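Chain by chain, the residues run as shown.
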Amino acid sequence: MKKYVCFITICLFILFSFSIFANEGIEDSLSFSDSVYQTIENANKDNTIKIFNGTFMHLFGQRKGIEEIISDENLLEPYYAVKGRFSSAEYYYIREGASCKISIHPPELDSTLSYVLNPSLILNKVSPFLSAQHIYYLNGDASHDGIYIYYQTEKGDYVYYQEFASDAEGYLFPVDDFYAIAEEVETTFQAEKQEREHLDSIQKYLFGGPTLLSDIVDISEYQITPGNPVLLYVGLAAAVGIVGVGVFLLVRRKRTRRASR
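All figures in this text were calculated on a predicted structure; none of them were measured in a lab. (Residues numbered from 1 in each chain as written. Predicted model: local features only at pLDDT ≥ 70, side-chain atom pairs only at ≥ 80, totals over all residues. Heavy atoms only, no water.)

Visitor: Please clarify how the overall build of the chain should be interpreted in this entry.
Guide: Each helix and strand counted, the chain has ten helices and nine strands in total. Looking at the 261 residues of the chain, the share that counts as buried comes to 37%. In the chain, the proportion of contacts linking residues at least 24 apart, taken out of those at least 6 apart, comes to 57%. Total accessible area on the chain stands at roughly 15,900 Å², and carbon and sulfur atoms take up 56% of it. (Helix = DSSP H or I, 4+ residues; strand = E, 2+ residues; numbered from the N terminus. Buried < 20%, exposed > 50% of the residue type's maximum accessible area, 1.4 Å probe, protein only. Contact = heavy atoms within 4.5 Å. Areas by Shrake-Rupley, 256 points an atom, 1.4 Å probe, with all protein chains shown as cover.)

Structure, rendered in structure tokens:
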């Protein structure tokens, strides 16, 4: 029995070590300065997400890499979400070394945080064995620009996109597909902008609401329904239970064989 415990411990240590080395020196939505945890109450590495804030579709339309996107000078100030285990997330800016609690609307934003902390809820739609090396949460919801979660994986990069935080479904794209779609969207946006320039102030106001990505391009083939985090935890618990039972039966069988000799 001790051999199996040692083996499992070694495997977990190796996986944890790989995770540390993979994230070293890279700043994304889960890897950033430790000073954040010291500044924000109840923040820790398991519940805190950095949110990049602004508009992003035009940056994807320019085929910029994710590092260029998150460092764009026109982005708004980033902030942090501290997700409660049994309660809604709390949101904070960090200014002059102190945390400043803020209110974020809509509250449905909370549900999308799970796709950062549990990327398998999204990436399982590609492969059950696909894992994320780095994750970036890009929030343009307030500007009707949508929500983007950028996943860097060992099998290429993916963009999960929701038009609104309250949507139950979203769209998952290989990054090259999303670049092409974003280019088409930006071309349409620019054409609409030019059309509005010829209208008077009242007509501009009546022109209509925000144009959604799905209004411009047929992206139905990319539509997915993210997994349920509750079902994920139940599945993990079941998997651990099955492994535990298997180890118990294996040890019991060996002991029975020894006793019968």
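From this point, things continue past the structure.
Visitor: Quick question: what am I supposed to make of the side chain of Asn47 here?
Guide: Mapped onto the elements of the fold, Asn47 is located in the loop between α2 (35-39) and β1 (48-53). Reaching out from Asn47, the side chain makes a polar contact with the side chain of Thr48 at a distance of 2.8 Å. Excluding residues that lie within four positions of it along the chain, Asn47 makes contacts with Asn42, Ala81, Val82 and Lys83. (Polar contact = N/O pair within 3.5 Å; in protein donor to acceptor, adjacent residues only side chain to side chain.)

Visitor: What am I meant to see in the pattern of salt bridges here?
Guide: Think of it this way: side chains of opposite charge can pair up when their charged atoms draw near. All chains considered together, the criterion is met by six salt bridges. In this structure, Lys45 engages Asp34 in a salt bridge whose closest nitrogen and oxygen atoms are separated by 3.9 Å. Highlighted residues: Lys45 in the loop between α2 and β1 and Asp34 in the loop between α1 (2-23) and α2, separated in sequence by eleven residues. You can call Asp34 partly exposed: its relative accessible area is 41%. For Arg95, the salt bridge goes to Glu77, with nearest N and O atoms at 3.0 Å. (Salt bridge = Lys/Arg side-chain N within 4 Å of Asp/Glu carboxyl O.)

Visitor: Where do I start with the sheet that holds strand β5 (residues 132-140) in this structure?
Guide: Through backbone hydrogen bonds, the strands of a sheet pair up, either in parallel or in antiparallel fashion. Strand order in this open sheet of nine strands is β4-β3-β2-β1-β5-β6-β7-β8-β9, and the pairing throughout is mixed. Here the strands that pair on one side only, and so sit at the sheet edges, are β4 (98-102) and β9 (223-224). Sheet topology places strand β3 (residues 90-95) next to β4; five bridges connect them, and they run antiparallel. Note on β4: the bridge partner recorded for Ile94 is Ser99. Against the sheet, helix α7 (residues 175-197) contacts β6 (146-153), β7 (156-162) and β8 (170-174), and its axis sits at roughly 110° relative to β8. (Pairing = 2+ DSSP bridges. Axes fitted to C-alpha atoms, helices over the stretch in contact; angles between N-to-C directions.)

Visitor: For this particular structure, what's the right way to read unusual backbone geometry?
Guide: With glycine set apart, most residues show a phi of negative sign, and most peptide bonds adopt trans. Positive phi, close to 70°, is recorded for Asn42, a residue that is not glycine. In this structure, Asn42 sits in the loop between α2 and β1. The exposure class assigned to Asn42 is exposed, which follows from its relative accessible area of 58%. Of note in this structure, Arg63 is not a glycine but carries a positive phi near 60°. The exposure class assigned to Arg63 is partly exposed, which follows from its relative accessible area of 41%.

Visitor: I tried to follow the environment of Tyr92 on my own but got confused; where do I start?
Guide: In this structure, Tyr92 sits in strand β3. When the C-alpha atoms of Tyr92 and Ile102 are compared, they prove to be 5.6 Å apart, with ten residues separating the residues in sequence. In this structure, Tyr92 is in contact with Ile40, Tyr79, Tyr80, Val82, Ser99, Cys100, Lys101 and Ile102, ignoring residues within four places of it in sequence. Here the side chain of Tyr92 touches Glu90 through a polar contact of 2.8 Å, side chain to side chain.

Visitor: Quick question: what am I supposed to make of the environment of Ala43 here?
Guide: Among the secondary structure elements, Ala43 is positioned in the loop between α2 and β1. You can call Ala43 buried: its relative accessible area is 11%. For the pair formed by Ala43 and Val82, sequence separation is 39 residues and the distance between their alpha carbons is 5.9 Å. Ignoring sequence-local partners within four residues, the contact set of Ala43 consists of Val36, Tyr37, Thr48 and Val82.

Visitor: What's the story with helix α5 (residues 109-117) in this structure? I'm lost.
Guide: An α-helical turn contains 3.6 residues, so a residue and the one three or four places further along point in the same direction. Summarising burial for α5: seven of the nine residues are buried, a large majority. By the burial criterion, the buried members of α5 are Leu109, Asp110, Thr112, Leu113, Ser114, Tyr115 and Val116.

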